[in-house]
Amino acid sequence: MISFHRLSALKAMTLGAALSMTAGLAIAGDSNVSADQILHALQPKPLTRSLSGAPQADPEVKAREISFVATLRNRKTRSLSLGEREEIAEIASTKPKIDLEIQFDYNSAEISKTSMPSVQELGKALSDAGLRGSTFVVAGHTDAIGSEGYNQDLSERRADTIKRYLTENYGINGSDLVAVGYGKSKPKDPNAPLDPINRRVQVVNMDTKTASK
């Protein structure tokens, strides 16, 4: 498999980066986010036929991307290698996404009470027919307190918590949710790695079907 890591600029882009209008929507710390807002952010953007000769997606690259995402379905979080996690992050950097700032209690995989409304709205959005058939990455992140190994494990448990909540309470197919942990490697705020804002889960629509018009 040809790696997607060859572009250093993409390597620098993390799931916590500022999101462009075509890539997604960031809603920082908003417990009142609605299912409609999430649905809008996660909808694949249609490709328009360019009259200016602008470059289109490379079919070969897209085919490899589709193949890679297919291998992630039904995978256990802890089975993902470092290389696979980085490849997920790189592909996800160009996909529709939303940062819900889902917070967890300190040193815990328990969803905080203040974040539960966002998780519930996420469940409603992912249950919408408009997103049916998509594959979603549920990425767990921690702050920088503690060792790398401990935080990696914690982030994986947090991602698994969200996946389990969505499958058990909203009937979402578990194979449509790819839980992945990034530990403390991709802080939301690199200038304040110890800040609780870094303890979060982010959701990316990895849907490889692109609408056109």
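Above this text is the structure in question.
What counts, and where the lines are drawn
Residues numbered from 1 in each chain as written. Predicted model: local features only at pLDDT ≥ 70, side-chain atom pairs only at ≥ 80, totals over all residues. Heavy atoms only, no water. Axes fitted to C-alpha atoms, helices over the stretch in contact; angles between N-to-C directions. Helix = DSSP H or I, 4+ residues; strand = E, 2+ residues; numbered from the N terminus. Parallel < 35°, antiparallel > 145°, perpendicular 65-115°, else oblique. Left-handed = near helix turned anticlockwise from the far one by under 90°. Contact = heavy atoms within 4.5 Å. Nonpolar A, V, L, I, M, F, W, Y, C, P; charged D, E, K, R; others polar. Phe/Tyr/Trp six-rings, centres within 6.5 Å; stacked < 30°, edge-to-face > 60°. Core = buried A, V, L, I, M, F, W, Y, C linked by side-chain atoms within 4.5 Å. Buried < 20%, exposed > 50% of the residue type's maximum accessible area, 1.4 Å probe, protein only.

Moving on: the packing of helix H5 (residues 116–126) against helix H6 (residues 148–170). The N-to-C vectors of H5 and H6 enclose an angle of 60°; their axes lie 10 Å apart at closest approach. Considering the angle they form, H5 stands oblique to H6. Classified by chirality, the crossing of H6 by H5 is right-handed. Between H5 and H6, the residues in contact are Met116, Val119, Gln120, Leu122, Gly123, Lys124 and Leu126 and Ile162, Tyr165, Leu166 and Tyr170, respectively. Grouping the constituent residues of the contact of H5 with H6 by class yields 8 nonpolar, 2 polar and 1 charged.

Inspection of every chain in the model, using the stated rule, returns 1 aromatic pair. On the basis of an interplanar angle of 45° and a centroid distance of 6.3 Å, the ring pair of Tyr165 and Tyr170 is categorised as tilted.

With that settled, consider the nonpolar core. Membership of the largest hydrophobic core comes to 25 residues, with the highest contact counts inside it found for Ile38, Leu42, Ile102, Leu122, Leu126 and Ile162. If you list the elements that add at least two residues to this core, you get helix H2 (35–42), H5, strand E3 (136–141), H6 and strand E5 (200–205). Per-element accounting of this core gives the leading share, 5 residues, to H2. For Leu42, the residues in contact, after removing those within four places along its chain, are Pro96, Lys97, Ile98, Leu126, Leu131, Phe136, Val203 and Asn205. Within the second largest apolar cluster, 15 residues are counted, among which are Val69, Ala89, Ala92 and Val137.

For the pair helix H3 (residues 59–72) and helix H4 (residues 82–92), the least separation of the axes is 11 Å and the interaxial angle reads 125°. It follows that H3 is oblique to H4 by the angle criterion. For the pair H3 and H4, the crossing hand works out as left-handed. Contacts between H3 and H4 involve Glu65, Phe68 and Leu72 from the first element and Glu84, Glu87, Ile88 and Ile91 from the second. Class assignment of the residues belonging to the contact of H3 with H4 gives a composition of 4 nonpolar, no polar and 3 charged.

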